[in-house]
Amino acid sequence: MSGGGDAIVVLNAGSSSIKFCTFRRPAGALERELRGQISGLGTEPHLAVKRGTTVVTDRTLGDGPLRHDAALGLLLDFLAGELGGAHIAGVGHRVVHGGLEFMAPTRVDSQVVERLEKYVPLAPLHQPHNLAAIRLLLERLPGVPEIACFDTAFHRTIPEVAQLFALPPRFAEAGVRRYGFHGLSYEYVASVLPALDGRAAQGRTVVFHLGNGASMCAMQGGRSVATTMGFTAVEGLPMGTRSGSIDPGVLLFLMDELGMGVRDVERLLYHESGLLGMSGLSSDMRELLASDAAAARVAVDVFVYRARRELGSLAAALDGLDAIVFTGGIGENQPEVRQRICTDAAWLGVQLDDSANTRGERCISAPGSRVAAYVLPTDEELMIARHVAKLLG
């Protein structure tokens with residue numbers, strides 16, 4: 001990245017990787033320059049970066065495991081060399097949970113980080129690493145605005161009745177309610193849908209964010225009115241390693257009758273269930289679709305069935321359906337999964353164009369289909385960069 005001007009850096013710090021992008025703002029427009037990640041943290045760290053389709057670097061970092069703080073330090077040094085004459089105008093962070101307190105992108109200081117700590121138990125896979133990256137950059141880049149963008153914020157338009165569990169009010173007052181996640185992805189889809197289909201943008205649309213983490217969102221006029229994830233990011237659809245919704249009585253049985261402790265149950269729900277747990281083979285939908293194993297077929301069948309059930313529920317919340325949108329790694333790249341979901345949704349008015357679906361075209365519904373169906377690549381990084389640019393002015 002050569003030349004002057006300023007740059008916006010977007011970070012998504014996870015448990016075993018740090019994903020990042022850089023954007024420039026020539027004449028006020030956002031242009032992505034670098035995209036990459038440091039993967040294999042804790043095992044064999046690897047840095048891979050591209051500028052467009054050109055590989056900038058693809059190499060192993062060191063001879064052994066790398067801690068998050070050391071990896072971020074190496075990343076900052078790398079970016080300093082790639083930025084050339086540009087300086088970092090701001091850093092945008094994906095933060096999974098903002099609760100009811102943080103309902104919009106927020107400039108972060110040490111006090112804000114402390115307030116965000118209370119949401120760690122609600123997003124144990126993500127929140128600790130999100131906050132650790134912010135703390136380090138507050139130290140390493142003093143004076144550079146650090147902006148937190150929240151996956152929960154988009155869902156604050158959900159009606160109160162859809163947020164509540166059937167528990168005594170004191171629990172809702174203590175924060176036990178449905179929050180919803182993947183909000184930055186849904187916000188991006190809502191932002192680009194008007195240019196694709198004004199009727200869908202203004203009407204009743206269900207978005208399938210299907211990936212290693214999977215959820216669905218019902219949108220009315222581009223605003224969230226219901227979603228499948230709730231208090232935590234383990235509710236709803238089965239995922240790569242997460243169970244999705246499960247009868248709470250099962251958890252009581254696991255603890256009372258099978259002697260499992262709280263941490264054992266947590267590990268089961270977050271790391272040993274979902275596609276991996278059902279198949280016993282993999283958390284990767286591509287591998288399961290290619291497998292002849294009966295357990296792999298069962299895992300895919302359950303995933304598709306749950307998506308079908310949730311679509312009916314979300315259509316009910318919308319009082320009908322005008323469009324569906326597929327996004328995320330599975331949603332964008334697995335035509336078989338899309339085909340099965342759309343076929344199951346024929347009763348709602350979805351008529352699939354099989355050829356368009358196989359080719360991965362933007363519109364995959366047949367001409368005359370009462371409900372339109374689309375495939376839209378999500379771009380959470382660009383959504384975060386937009387928020388940072390807006391706050392920077």
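Residues numbered from 1 in each chain as written. Predicted model: local features only at pLDDT ≥ 70, side-chain atom pairs only at ≥ 80, totals over all residues. Heavy atoms only, no water.

Help me understand the pairing of strand β1 (residues 6–13) in this model?
The two faces of the sheet receive side chains in turn, since in a regular strand these alternate between them. Where burial is concerned, most of β1 is hidden: seven out of the eight residues are buried. Both β1 and strand β6 (residues 87–95) contribute to a ladder of six bridges, which runs parallel. By the bridge assignment for β6, Ala7 is matched with Ile88. Where β1 and strand β2 (residues 18–24) come together, seven bridges link them in antiparallel fashion. Bridge pairing links Ala7 to Arg24 in β2. Between the antiparallel neighbours β1 and β2 lie four residues. (Buried < 20%, exposed > 50% of the residue type's maximum accessible area, 1.4 Å probe, protein only. Helix = DSSP H or I, 4+ residues; strand = E, 2+ residues; numbered from the N terminus. Pairing = 2+ DSSP bridges.)

I'm lost on the packing of aromatic side chains in this one. Help?
Two numbers describe a pair of aromatic rings. These are the distance of the centres and the angle of the planes. Evaluated as defined, the whole model comprises three aromatic pairs. Geometrically, the ring pair formed by Phe208 and Phe326 is stacked, given 4.7 Å between the ring centres and 20° between the ring planes. Of this pair, Phe208 sits in strand β9 (residues 204–209) while Phe326 sits in strand β12 (residues 323–327); the two residues are 118 residues apart in sequence, bridging distant segments of the chain. Phe326 shares its class with Phe208; the two are buried. (Phe/Tyr/Trp six-rings, centres within 6.5 Å; stacked < 30°, edge-to-face > 60°.)

Just checking my understanding: could you explain the nonpolar core for this structure?
Residues Val206, Phe208, Leu210, Leu311 and Ile324 are the most contacted members of the largest nonpolar core, which totals 43 residues. Contributing elements (two or more residues each) for this core: β9, β10 (215–220), β11 (223–227), α11 (285–290), α12 (294–318), β12, α14 (335–344) and β13 (372–375). Looking at this core element by element, the count peaks at 10 residues for α12. Apart from residues lying up to four places away in sequence, Leu210 is in contact with Ser215, Leu237, Phe303, Phe326, Thr327, Gly328, Gly329, Ile330, Gly331, Val337 and Ile341. Counting residues in each nonpolar core, the second largest holds 28 residues, with Ala7, Leu66, Ala71 and Ile88 among its members. (Core = buried A, V, L, I, M, F, W, Y, C linked by side-chain atoms within 4.5 Å. Contact = heavy atoms within 4.5 Å.)

Is there a simple way to think about the pairing of β10 in this case?
The element β10 is largely enclosed, with a buried count of five among its six residues. Here β9 folds back onto β10 in antiparallel fashion, the turn holding five residues. Relative to β11, β10 is paired through four bridges, and the arrangement is antiparallel. Looking at β11, one finds that Met219 is bridged to Ser224. Between β10 and β11, which pair antiparallel and follow one another directly, the connecting turn spans two residues, one of which, Gly221, has a positive phi of 60°.

How should I be thinking about the environment of Gly64 in this particular structure?
Residue position: Gly64 is located in the loop between β5 (54–60) and α1 (68–83). On the basis of relative accessibility, which here comes to 25%, the residue Gly64 falls in the partly exposed class. Sequence-wise, Gly64 and Leu352 are 288 residues apart; in three dimensions their C-alpha atoms are separated by 49 Å. Apart from the residues within four sequence positions on either side, Gly64 is in contact with Thr43 and Pro45.

How should the pattern of salt bridges be read in this particular structure?
For side chains bearing opposite charge, pairing can occur when the charged atoms are close. Inspection of every chain in the model, using the stated rule, returns 22 salt bridges. Among the salt bridges present, the one from Arg267 reaches Asp264, with a minimum N-O distance of 3.0 Å. One end of the pair, Arg267, and the other, Asp264, are both in helix α9 (residues 262–271), three residues apart, so they sit about a helical turn from each other. On the basis of relative accessible area, Arg267 is assigned to the partly exposed category, the value being 38%. Linked by salt bridges that have partners in common, Glu101, Arg115 and Lys118 make up one network. (Salt bridge = Lys/Arg side-chain N within 4 Å of Asp/Glu carboxyl O.)

Is there a simple way to think about the packing of α12 against α14 in this case?
When two helices pack together, you describe them by how their axes are tilted relative to each other and by the distance separating the axes. One can describe the packing of α12 onto α14 by two numbers: an axis separation of 9 Å at closest approach and a directional angle of 45°. Relative to α14, the element α12 lies oblique. The two elements α12 and α14 cross, and the hand of that crossing is right-handed. Along its contact with α12, which presents Val300, Asp301, Phe303, Val304, Ala307 and Arg308, the element α14 presents Val337, Arg340, Ile341 and Asp344. Residues belonging to the contact of α12 with α14 are distributed by class as follows: six nonpolar, no polar and four charged. (Axes fitted to C-alpha atoms, helices over the stretch in contact; angles between N-to-C directions. Parallel < 35°, antiparallel > 145°, perpendicular 65-115°, else oblique. Left-handed = near helix turned anticlockwise from the far one by under 90°. Nonpolar A, V, L, I, M, F, W, Y, C, P; charged D, E, K, R; others polar.)

I keep staring at the environment of Pro335 and nothing clicks. Help me out?
Along the chain, Pro335 turns up in helix α14. With a relative accessible area of 28%, Pro335 lands in the partly exposed category.

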